[in-house]
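Architecture and fold: a report
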Amino acid sequence: MHRAHTAFSLALSPMAHKNFATWLLSSNSSQKLIKATAAAAVRTYNSAAAEPFANGSTASYVEEMYNAWLRDPSSVHTSWDAYFRSNSYVSPPNLAPVQANTLPLSAFNLGGAVSAAPDSKTIDDHLAVQAIIRSYQSRGHLASDLDPLGILTREKTVCKDGLARRANEDVLRQHSGFLFGEQDMERQFKLPSTTFIGGDEASLPLKEILNRLENVYCNKIGVEFMFINSLEQCNWIRKRFETPGVLNFTPEEKRLILARLTRATGFEAFLAKKYSSEKRFGLEGCEIMIPALKEIIDVSTELGVESVIMGMPHRGRLNTLANVCRKPLNQIFTQFAGLEAADDGSGDVKYHLGTYIERLNRVTNKNIRLAVVANPSHLEAVDPVVQGKTRAEQFYRGDQEGKKVMSILIHGDAAFCGQGVVYETMHLSDLPDYTTHGTIHVVANNQIGFTTDPRFSRSSPYCTDVARVVNAPIFHVNADDPEAVMHVCKVAAEWRATFHKDCVIDLVGYRRNGHNEIDEPMFTQPLMYQKIRKHKNCLDLYADKLIAEGTVTGEEVKSVAAKYENICEEAFALAKTETHVKYKDWLDSPWSGFFEGKDPLKVAPTGVKEETLIHIGNRFSSPPPNAAEFVIHKGLMRVLAARKAMVDEKVADWALGEAMAFGSLLKEGIHVRLSGQDVERGTFSHRHHVLHHQLVDKATYNSLQHMYPDQAPYSVSNSSLSEYAVLGFEHGYSMTNPNALVLWEAQFGDFSNTAQAIIDQFISSGQSKWVRQSGLVMLLPHGMEGMGPEHSSCRLERFLQMSSDDPDYFPPESDEFAIRQLHDINWIVANCTTPANYYHILRRQIALPFRKPLILCTPKSLLRHPEAKSPFSEMSEGSEFLRIIPDRGPAADNASNVKKVVFCTGRVYYDLTKARTEKQLEKDIAIVRVEQVSPFPFDLVKEQANLYKNAELVWAQEEHKNQGCWTYVQPRFLTALNHSRDISQSDEQSTFSNTTTTTTTDNTNHESDTDSDSNSDKKSKPWLSRMFASDKGDTVATATSATGEFNAAKHFDLKNVRHDFNRPAGDAAAPGVRKTKTGRKISYTGRACGASTATGSKAQHIRELNALLNDAIST
Ligand SMILES: Cc1ncc(C[n+]2csc(CCOP(=O)(O)OP(=O)(O)O)c2C)c(N)n1
Ligand SMILES: [Mg+2]
């Protein structure tokens, strides 16, 4: 028996009567019941099987009793009568009646005898019907008809009443026999308030109840929602699916669906015809996704949305750009032509590029902006980026509830359940500083991932189960039923507009071709593909249906298809006239006006007036204006006092330097957003941007939000414990507006490697692939301080390895040297040692006329180091960021007698100076800090080396030799010291993106370059040619090519493939040219190579550090 019934029977048993009634009568206990009911309502998790007694149907049962009692007190049991008379019962607000099914149960006393009270069979039967209704609502989706191929569809079973139904034991469990026979089918049952299948009817015959439930829950839509902890939301969904007639469409609506489906299908067919050997990751088998997206956008626009930001993988992307965004078809077709780019960027494959379109929505007649964010191959990596971009757009529009800007994320079935970043992103969905107020997730579920079946790619029943953790309703729908799909999309858009929470549409279709169009699916899924070959496509099925019902004629169907083909043909002809592709056409986040009128080589000053520093310092060190009422922790009072003392002395520590940077930018109207784990206080308890009232919960004060009356908003947010999603989110946030300083801080630098895909695929290479700039700052606590292998290194070497400046190329020296380097590089990597330099480099992010990501090692022990302080004079007007901090002591005064120059970066500088002082070698050893490691300050290094012309040069680092900066700086030092460098190996140019452009004839990523013209000797030669070919005397031939065993140049067609060199054409130090060994060298001092990032123990750390200091500080 259903649990609710068991509990109720117990309550009605002779003994229980008394106990139950007594319990109810004690007001204390009745409060308990109410509380228990309410608590159960919020605690609810999972299916009805796990449901506690006093929630859902039981709670509504009490309510029904109450309604019955109101009409006729004698119609309810005496215990209920006593309870209600005591005035103890209060209808909980979320259990308030939602419909008119309020007839007393006695009205359905079908037991025969005319009696005021229902007999127990009537009660049992009604409870059983209620339980059946609830079973359908909870588990009907398990038997729904979702698979267009019918492979997974469950057979109908013949029930006791002789009718075949899909709802099986999985759905109905102990009610599978319905407890009723054929004789009961015409019996009338009162419908509970938790169903809407009756429409205006308060009761229905059992047969009708079962049929309607079957139709709603076990047909082409499977709704998963009963795990949601809100009765209001559950009822809202029930109403949308159960109300009779919800699936009725007008002929106009049907024709619109058909037209959209025709375009979606026609687009793929056209590409298949024109570019049969090209990969396009077609949507065949799930074409309904295009009308589905359009429906979501139409309904959302109608409900007030003005901007939609989409993230999606490869599958169906071109179709989405063409038919959802209405990107000009000729621009899309041009991508197939393998043309050269007319602008910067190495580009990306066509099914990764983003777009941004503003257009009139013809259905709603409203203007709308649609953006598809460019994404890498790494599935789902774009999800948090889209969320960050959406959040930023909402922020800049003042759209605090997400009514105007929304995101749609499209997923593949295998990726949605397989990639952890989906889960991480889902968990941002309801966090105050990260929510985008509801995302609609659409899964293009083709029931396969490349060659792998779902049963081998997930352990969960559905690919969508990840969404259950955030209480998102999940609408599974058969992709071959366009009307069911449209209904689900409408409900999803309304859900988002009503509750501003995530929901999922699971479009269950199939994949007509292989993973891509040149892949053979029969190798691995033979039976499935035999079925697919015989299966009519969705367009044909729907057209047949509409023709059969008389909504359209066969001619109309053909003419709509022909019309679209003509449109494609015209665009195809236009595309043929294009000579270049323009990556700027594929920007997802245009920064209109940002670059215009700017001198691309001019940096605005970063120093500010001293009075500004003092003002910010005073505010930052003061308690809230209502300090008397706001109780601050004593420890923080001391922190504020220490800050105030520093301001009075006009010096800043790390936290104050950071606050000066933030505060001064906020004053200038630049929005600052700092996000990451525990950033409000700061992992090392040094920041304290948010003061907490010690006596009042959630009462906080953030002085940086109150610096100036007209300042820009400052937001500092403790994030969820995620790096991948949160870093992606902040990257997306930074893409939206260049006039904002967006910072992400890792708890410790090494944790950033769980966000490696965002670093590799977006931050380091986004500009190169998608012409997209970002000024995002990554703050990475870094330093070997004896904390063990973790918590020590941010893996600086990895960031440096991805820097795109050429180790062998000394750019021309000029006043613009530094800014040109910054302009040309992919990102900036720095390790600052003073608060002033930290302050300047943050401000420089905004002062630059372009945007580059900044990877910044930040200190731990230096946060409180007495010497790591900067006078205000180093931050005020006239001061600037120092790429190198030269030695300013006795050594510099007597440079030619200096025996050794120790170059270093980061906190080890303080250890080195201490050791030098202890050994009294200040005159003999100069210590030079390289603060901006990349782009490498060739000019300043050269200057320093020339200054100490007789000195031995040493690079000292505390990281292991194969880590830290050494492998990056060594070749660059040699170039800086000798202007060019001895090249002992054939050098492959560094490029900051690992991308190459592919040709139409060859889809493999062969690396090569562009110069196939007659001026090729002026340009750089392809590295393969340099290695193997011997057409020019100045290139290095290898033994391999000499033997003729393998000549790669012959094996690869290098003509059409491009390769971006940073080096200007024809430079004297062209790669491959051998130089004689000359000049000065730099040697290494520090730890030996190591496998882990730090030492095993504190003692070992100290031993090794001392050895390093002894080595470095010796003459
Ligand atoms: C992070 C990541 N791992 C692996 C791949 C390689 N890969 C490309 S498509 C694909 C299958 C994706 O299946 P699904 O998500 O169901 O999308 P579908 O191609 O079926 O539309 C795989 C494994 C990838 N692109 N990204
Ligand atoms: Mg798939």
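Coordinates for the structure precede this section.
Below, the structure is looked at part by part. (Residues numbered from 1 in each chain as written. Chains lettered and ligands numbered in written order. Predicted model: local features only at pLDDT ≥ 70, side-chain atom pairs only at ≥ 80, totals over all residues. Heavy atoms only, no water.)

The next subject is the overall build of the chain. The helix and strand tally for the chain stands at 38 helices and 30 strands. Buried residues in the chain amount to 59% of all 1115 residues. If you take every contact in the chain between residues at least 6 apart in sequence, the share linking residues at least 24 apart comes to 80%. (Helix = DSSP H or I, 4+ residues; strand = E, 2+ residues; numbered from the N terminus. Buried < 20%, exposed > 50% of the residue type's maximum accessible area, 1.4 Å probe, protein only. Contact = heavy atoms within 4.5 Å.)

Time to look at a nonpolar patch on the surface. Together, Val631, Leu695 and Val696 make up a nonpolar patch on the protein surface, roughly 260 Å² of accessible area in all. Here Val696 is to be found in the loop between strand 17 (691-692) and strand 18 (700-701). (Patch = residues over 30% accessible without salt bridge, like charges linked within 9 Å, V, L, I, M, F, W, Y side chains within 5 Å. Areas by Shrake-Rupley, 256 points an atom, 1.4 Å probe, with all protein chains shown as cover. Salt bridge = Lys/Arg side-chain N within 4 Å of Asp/Glu carboxyl O.)

With that out of the way, let us pick up the packing of aromatic side chains. In this description, a pair of aromatic rings is defined by centroid distance and the angle of the planes. A full pass over the atoms with the stated rule returns 33 aromatic pairs. Taken together, a centroid distance of 5.1 Å and an interplanar angle of 75 degrees make the contact between Phe395 and Tyr396 edge-to-face. A relative accessible area of 31% places Phe395 in the partly exposed class. Through a chain of ring-to-ring contacts, three or more aromatic side chains come together here, namely Phe810, Phe817, Phe903, Phe936, Phe938, Trp955, Tyr968 and Phe973. (Phe/Tyr/Trp six-rings, centres within 6.5 Å; stacked < 30°, edge-to-face > 60°.)

Donor atoms from the polypeptide that bind the magnesium ion (ligand 2) are Asp413 (OD), Asn446 (OD1) and Ile448 (O), placed at 2.0 Å. Motif for the magnesium ion (ligand 2), donor spacing along one chain: D-x32-N-x1-I. With a relative accessible area of 6%, Asn446 lands in the buried category. By relative accessible area, which is 4% here, Ile448 ends up buried. (Donors = N, O, S within 2.8 Å, 3.2 Å for Na, K, Ca; no water.)

The subject of this paragraph is the sheet that holds strand 10 (residues 405-412). The strand order across the open sheet built from eight strands is 5-12-13-11-10-6-9-8, with neighbouring strands paired in mixed fashion. Edge positions in the sheet fall to strand 5 (221-224) and strand 8 (355-361), since each has one partner strand and no second. Here the strands of the sheet are splayed against their neighbours by 20 degrees on average, with no regard to which way each runs. Relative to strand 13 (residues 503-508), strand 12 (residues 474-478) runs parallel, the two being bridged by five bridges. Each residue of the ladder has a partner; that of His476, found in strand 13, is Asp506. (Pairing = 2+ DSSP bridges. Axes fitted to C-alpha atoms, helices over the stretch in contact; angles between N-to-C directions.)

Our focus in this paragraph is the packing of helix 24 (residues 654-667) against helix 30 (residues 835-847). Direction vectors running N to C along helix 24 and helix 30 enclose 25 degrees, while the axes themselves pass 8 Å from each other. Comparing their axes, helix 30 and helix 24 come out roughly parallel. Of the two elements, helix 24 crosses helix 30, and the hand of that crossing is right-handed. Counted together, Trp654, Gly657, Glu658, Met660, Ala661, Phe662, Ser664 and Leu665 of helix 24 and Pro835, Tyr838, Tyr839, Leu842, Arg843 and Ile846 of helix 30 form the full contact between these two elements. Partitioning the contact of helix 24 with helix 30 into residue classes produces 10 nonpolar, two polar and two charged. (Parallel < 35°, antiparallel > 145°, perpendicular 65-115°, else oblique. Left-handed = near helix turned anticlockwise from the far one by under 90°. Nonpolar A, V, L, I, M, F, W, Y, C, P; charged D, E, K, R; others polar.)

The subject of this paragraph is the site of ligand 1. Near ligand 1 you find 15 residues, and of these Arg315, Ser377, Asp413, Ala415 and Asn446 are the closest. Within the backbone of Ala415, one N or O atom sits 2.9 Å away from an oxygen atom of ligand 1. Measuring from an oxygen atom of ligand 1, one finds a backbone N or O atom of Ile448 at 3.0 Å. About the coverage of ligand 1: the protein hides 74% of its 580 Å² of free accessible area. The element contributing the most residues to the shell around ligand 1 is helix 15 (residues 413-418), with three residues. Of the residues belonging to the shell around ligand 1, the class tally is five nonpolar, eight polar and two charged. (Near = heavy atom within 4 Å. Polar contact = N/O pair within 3.5 Å; in protein donor to acceptor, adjacent residues only side chain to side chain.)

Turning next to the side chain of Ser879. Secondary-structure assignment places Ser879 in the loop between strand 24 (870-871) and strand 25 (884-885). A distance of 2.5 Å separates the side chain of Ser879 from the backbone oxygen of Ser876, its partner in a polar contact. Those residues in contact with Ser879, other than ones at most four positions away along the chain, are Thr606, Gly607, His840, Ser873 and Glu874.

Turning our eyes to something else, we now look at the sheet that holds strand 30 (residues 1083-1087). Two strands in a sheet stick together by hydrogen bonds in their backbones, pointing the same way (parallel) or opposite ways (antiparallel). Read from one edge to the other, the open sheet built from five strands follows the order 25-27-26-29-30, with strand pairing classed as mixed. The outermost strands of the open sheet, each flanked by one partner alone, are strand 25 and strand 30. Inspection of the sheet shows strand 25 paired to strand 27 (residues 925-930) by two bridges, in the antiparallel sense. Bridging from a neighbouring strand, Ile884 pairs with Val930 of strand 27.

Note on placement: Arg326 falls in the loop between helix 12 (317-323) and helix 13 (329-334). Residues Arg326 and Ile357, spaced 31 residues apart in sequence, show a C-alpha to C-alpha distance of 7.8 Å. Dropping the residues within four chain positions of it, Arg326 is found in contact with Arg263, Lys294, Leu321, Ile357, Arg359 and Arg362.

Let us now look at the packing of helix 9 (residues 231-242) against helix 18 (residues 482-499). Where helix 9 meets helix 18, the axes come as close as 11 Å, and the angle between the chain directions of the two elements is 150 degrees. For the element pair helix 9 / helix 18, the angle class is roughly antiparallel. Every pair of crossing elements has a handedness; the one defined by helix 9 and helix 18 is right-handed. Within the contact between the two elements, helix 9 uses Glu232, Gln233, Trp236, Ile237, Arg240 and Phe241 and helix 18 uses His487, Val488, Val491, Glu494, Trp495, Thr498 and Phe499. Of the residues that constitute the contact of helix 9 with helix 18, the class distribution is seven nonpolar, three polar and three charged.

All of the buried residues along helix 29 (residues 817-824) are Phe817, Ile819, Gln821 and Leu822. On its buried side, helix 29 packs onto strand 22 (828-831), helix 30, strand 28 (932-934) and helix 33 (938-947).

For the rest of this paragraph, the subject is helix 26 (residues 756-763). Given 3.6 residues per turn, any residue in an α-helix points the same way as the ones three and four places further on. Extensive coverage of helix 26 is indicated by the burial of six of its eight residues. Along helix 26, the residues classified as buried are Ala757, Ile758, Ile759, Gln761, Phe762 and Ile763. Here the buried face of helix 26 lies against helix 14 (382-397), helix 25 (724-736), helix 27 (766-770), strand 21 (777-781) and helix 28 (796-801).

Here we take up the environment of Phe336. Its location among the elements puts Phe336 in the loop between helix 13 and strand 7 (340-341). Along the backbone, Phe336 and Lys279 are 57 residues apart, and their C-alpha atoms lie at a distance of 9.5 Å.

Let's shift gears to unusual backbone geometry. Here the bond from Ser934 into Pro935 is cis, since omega is 0 degrees, no more than 30 degrees from zero. Its location among the elements puts Pro935 in the loop between strand 28 and helix 33. For Lys698, which is not glycine, the phi dihedral falls at a positive 65 degrees. Within the secondary structure layout, Lys698 lies in the loop between strand 17 and strand 18. Classification of Lys698 by relative accessible area gives exposed; the value is 71%.

One pass over the full model with this rule turns up 48 salt bridges. Salt-bridge contacts for Glu252 lead to Arg255; the nearest nitrogen and oxygen are separated by 3.6 Å. One end of the pair, Glu252, and the other, Arg255, are both in helix 10 (residues 251-274), three residues apart, so they sit about a helical turn from each other. With a relative accessible area of 34%, Arg255 lands in the partly exposed category. Two residues, Lys698 and Asp697, come together in a salt bridge whose shortest N-O distance is 3.2 Å. Each of the two residues, Lys698 as well as Asp697, counts as exposed.

Burial of nonpolar side chains together is a common tendency in soluble globular proteins. By size, the foremost hydrophobic cluster in this structure holds 188 residues, and its most contacted members are Phe333 and Ile505. By residue number, the principal contributor to this core is helix 18, which donates 10 residues. With sequence-adjacent residues up to four places away left out, Ile505 is seen in contact with Ile296, Ile440, His441, Val442, Val443, Phe475, Val477, Val488, Cys489 and Ala492. Within the second largest apolar cluster, 52 residues are counted, among which are Trp654, Ala661, Val679 and Leu779. (Core = buried A, V, L, I, M, F, W, Y, C linked by side-chain atoms within 4.5 Å.)

Another point: the pairing of strand 29 (residues 952-960). Across the nine residues that make up strand 29, a large majority, eight, are buried. The pairing of strand 26 (residues 900-904) with strand 29 spans four bridges and is classified as parallel. The residue bridging Lys900 from the neighbouring strand is Glu952, located in strand 29. Alignment of strand 29 against strand 30, held across five bridges, turns out to be parallel. Across the sheet, the residue bridging to Ala956 is Thr1085, located in strand 30.

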